[in-house]
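# Chains, contacts and geometry: an overview
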Amino acid sequence: MSYANSAFSALADPTRRQVFERLALGPAAVVDLAQGLPVSRPAVSQHLKILKEAGLVSDRPEGTRRVYQIDPKGLGAMRAWLDQFWAVALDAYAAEVERQENLTQDAP
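Structure report, in brief. Throughout this description, residue numbers start from 1 for each chain and increase along the sequence as written. Given that this is a predicted model, residues contribute local features only at a pLDDT of at least 70 and side-chain atom pairs are listed and counted only at 80 or more, while totals for whole chains, interfaces and linings are drawn from all residues. Derived side-chain values reflect all non-hydrogen atoms in the structure, with water molecules and hydrogen atoms excluded from consideration.

## Things to note about a nonpolar patch on the surface
Candidate patch residues must exceed 30% relative accessible area and have no salt bridge, after which like charges are joined if within 9 Å and Val, Leu, Ile, Met, Phe, Trp or Tyr side chains if within 5 Å. Each accessible area is a Shrake-Rupley estimate made with a 1.4 Å probe; only the visible protein chains count as cover when residues are assessed. Every case where a carboxyl oxygen of Asp or Glu lies within 4 Å of a side-chain nitrogen of Lys or Arg is listed as a salt bridge. Together, Phe8, Leu82 and Phe85 make up a nonpolar patch on the protein surface, roughly 270 Å² of accessible area in all. Starting at the N terminus, helices and strands are each numbered in turn, a helix being any DSSP run of H or I of at least four residues and a strand any DSSP run of E of at least two. Within the fold, Phe85 resides in helix 5 (residues 72–106).

## Description of the packing of helix 2 (residues 14–23) against helix 4 (residues 41–53)
One way to put it is that helix 2 packs onto helix 4 with a least axis distance of 10 Å and a crossing angle of 80°. The angle between helix 2 and helix 4 falls in the class roughly perpendicular. Contacts between helix 2 and helix 4 involve Thr15, Arg16, Val19, Phe20 and Leu23 from the first element and Val44, His47, Leu48, Ile50 and Leu51 from the second. To obtain an axis, a line is fitted to C-alpha atoms, over the contacting stretch when the element is a helix, and the angle between two such axes runs from 0 to 180 degrees between their N-to-C directions. In what follows, roughly perpendicular refers to angles from 65 to 115 degrees, roughly parallel to angles under 35, roughly antiparallel to angles over 145, and oblique to any angle outside these ranges. Whether two residues touch is decided by their heavy atoms; if any such pair falls within 4.5 Å, the residues are in contact.

## Some remarks on the packing of aromatic side chains
Planes of paired rings set the category: under 30 degrees apart is stacked, over 60 is edge-to-face and the rest tilted, where pairs are Phe, Tyr or Trp rings (Trp by its six-membered ring) whose centres lie within 6.5 Å. One pass over the full model with this rule turns up 2 aromatic pairs. Ring geometry for Trp81 versus Phe85: centroids 5.0 Å apart, planes at 75°, classification edge-to-face. You can see Trp81 and its partner Phe85 sitting in helix 5, 4 residues apart, about one turn around the helix. Grouped by ring-pair contacts, the aromatic residues Phe8, Trp81 and Phe85 constitute a single cluster.

In structure tokens, the structure reads:
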């Protein structure tokens, strides 16, 4: 549960979420991510640091810049955490369909 807390907390901030959504378009450097955002490049760097600590992004050096991208492992872990609720919903749906079928079969 601690992973989910840190990942969802990281994405709770609207600016951080916007940075993350921009990375969904592909890898980018801070200077590119900061364009059009109402915060400075250093602020974008801080947001990226939090996203990285939450396991949602990774980075690599490219010349004098760092290029950030969504970390598929972190995103996969977040999806797996969410999927546990989907499985519960599907099981409940299947049980309800079965219950309705039984009611229909038992009807005179």
